[in-house]
Amino acid sequence: VRRRLSSPVADAKHATEDAGPQGVLRQVAYVNLLSGTVGGVVAASVTTPLDVVKTRIQVDLLQDDRAATAKGQRPAVGFLRKDSGVRQVGGMIRKIATQEGPGRLFDGAAARAARAAPSCAIVLTSYEILKAIIAKF
């Protein structure tokens, strides 16, 4: 006598397959909605420091351009500035962390996560449902 090993995932898969194609699509939707939501929150939270740095660099560049214009000088082109690229990003991270504290690098993380979570969930779920529907044809 062979005994079948089961797991909660396998049992859920068989239960939804027994429910028909709508049950399978519903299962795909729930799993992907949750996965997309979690993925969106994690991605937004992890990338928030770089977004904060990008915004601060843009503001600094705008202020430098205004100061140069006020002095009657032409503003420097972005890639010709003394600090650009990785040096500029590293310098801004250091400046924020030392002058304002490392927590300031995560300003707006909750708002970014709240915006990213639903959009990632919708995109991932739509993709997986369409993939499942197309696979049946």
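What counts, and at which threshold
- Residues numbered from 1 in each chain as written.
- Predicted model: local features only at pLDDT ≥ 70, side-chain atom pairs only at ≥ 80, totals over all residues.
- Heavy atoms only, no water.
- Helix = DSSP H or I, 4+ residues; strand = E, 2+ residues; numbered from the N terminus.
- Buried < 20%, exposed > 50% of the residue type's maximum accessible area, 1.4 Å probe, protein only.
- Contact = heavy atoms within 4.5 Å.
- Areas by Shrake-Rupley, 256 points an atom, 1.4 Å probe, with all protein chains shown as cover.
- Patch = residues over 30% accessible without salt bridge, like charges linked within 9 Å, V, L, I, M, F, W, Y side chains within 5 Å.
- Salt bridge = Lys/Arg side-chain N within 4 Å of Asp/Glu carboxyl O.
- Expected span 1.5 Å × (residues − 1).
- Arc of directions from axis to C-beta.
- pLDDT = per-residue confidence, 0-100.
- Core = buried A, V, L, I, M, F, W, Y, C linked by side-chain atoms within 4.5 Å.

As a further point, take the overall build of the chain. Scanning the chain for helices and strands turns up four helices and zero strands. In the chain, the order of α-helices and β-strands from amino to carboxyl end is α-α-α-α. When each of the 137 residues of the chain is scored for burial, the buried share is 22%. Taking as baseline every contact in the chain between residues at least 6 positions apart, the subset at least 24 positions apart corresponds to 76%. Here the chain displays about 10200 Å² of accessible surface, and carbon together with sulfur accounts for 63% of that area.

A cluster of nonpolar residues, Leu34, Val38, Val42 and Val46, forms a patch on the protein surface that exposes about 380 Å² of accessible area. Here Val38 lies in helix H2 (residues 21–70). Note on Val38: relative accessible area 46%, which makes it partly exposed.

The next subject is helix H3 (residues 86–99). Counted at 1.5 Å a residue, the expected span for H3 with its 14 residues is 20 Å, and the 20 Å between its end C-alpha atoms agrees. Taken as a whole, H3 has its buried residues at Gln88, Met92 and Ile96. Buried residues of H3 fall within an arc of 65° about the axis and therefore sit on the same side. For H3, the exposed residues lying more than 90 degrees away from the buried face are Val86, Arg87, Arg94 and Thr98.

When pLDDT is averaged across the chain, the result is 81; 77% of the residues are at 70 or more. When pLDDT is averaged over each element of the chain, helix H4 (residues 109–135) comes out on top at 92 and helix H1 (residues 8–18) at the bottom at 49.

Here the focus is the nonpolar core. One finds Val52, Val53, Ile57, Met92, Ile96 and Leu105 forming the largest nonpolar core, which totals six residues. Other than its neighbours up to four places away in sequence, Val52 contacts Ile96, Arg104, Leu105 and Asp107.

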